[in-house]
Amino acid sequence: MREAGRQFQIVLRSLWRGLRQWCGDSAYETYLACMKRRQGREVLSPAEFYVEQLNRKYSRPNRCC
């Protein structure tokens, strides 16, 4: 029975991670992991990262009509 509970926890954790990635909540953690591999570059603070993401998202032309 304990093994089934452990498997259920693993599935729930996996679903939670997938949901966080899908909605963008884990973007900063993903950025930090990427920057660890690229040594020598300056790491942005969470606030700077958020502003950079907004600038990147809204700097492109968006013509829906």
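Residues numbered from 1 in each chain as written. Predicted model: local features only at pLDDT ≥ 70, side-chain atom pairs only at ≥ 80, totals over all residues. Heavy atoms only, no water.

Caption draft 1: Looking closely at the pattern of salt bridges. Under the defined criterion, the tally for this structure stands at three salt bridges. Across the salt bridge formed by Asp25 and Arg20, the nearest N and O atoms sit 3.0 Å from each other. Note on Asp25: relative accessible area 45%, which makes it partly exposed. Overall, the relative accessible area of 23% leaves Arg20 in the partly exposed class. Residues participating in the shared-partner salt-bridge network are Arg20, Asp25 and Glu29. (Salt bridge = Lys/Arg side-chain N within 4 Å of Asp/Glu carboxyl O. Buried < 20%, exposed > 50% of the residue type's maximum accessible area, 1.4 Å probe, protein only.)

Caption draft 2: Representation of the packing of aromatic side chains within the structure. Enumeration over the complete set of coordinates arrives at three aromatic pairs. Geometrically, the ring pair formed by Tyr28 and Phe49 is edge-to-face, given 5.4 Å between the ring centres and 65° between the ring planes. Residue Tyr28 is located in helix H2 (residues 27-37), and its partner Phe49 is located in helix H3 (residues 46-58); the two are separated by 21 residues in the primary sequence. (Phe/Tyr/Trp six-rings, centres within 6.5 Å; stacked < 30°, edge-to-face > 60°. Helix = DSSP H or I, 4+ residues; strand = E, 2+ residues; numbered from the N terminus.)

Caption draft 3: Fine view of the state of the cysteines. Here the structure, examined in full by the defined rule, presents zero disulfides. This cysteine, Cys23, is not joined by any disulfide, and Cys34 carries the nearest cysteine sulfur, 19 Å off. (Disulfide = S-S within 2.5 Å.)

Caption draft 4: Representation of the side chain of Ser26. As for its placement among the helices and strands, Ser26 is situated in the loop between helix H1 (2-23) and H2. Given the relative accessible area of 9%, Ser26 is considered buried. Among all residues touching Ser26, those that are not within four sequence positions of it are Arg20 and Gln21. (Contact = heavy atoms within 4.5 Å.)

Caption draft 5: Looking closely at the environment of Pro61. Here Pro61 lies in the segment after H3. For the pair Pro61 and Arg20, spaced 41 residues apart in sequence, the C-alpha to C-alpha distance is 27 Å.

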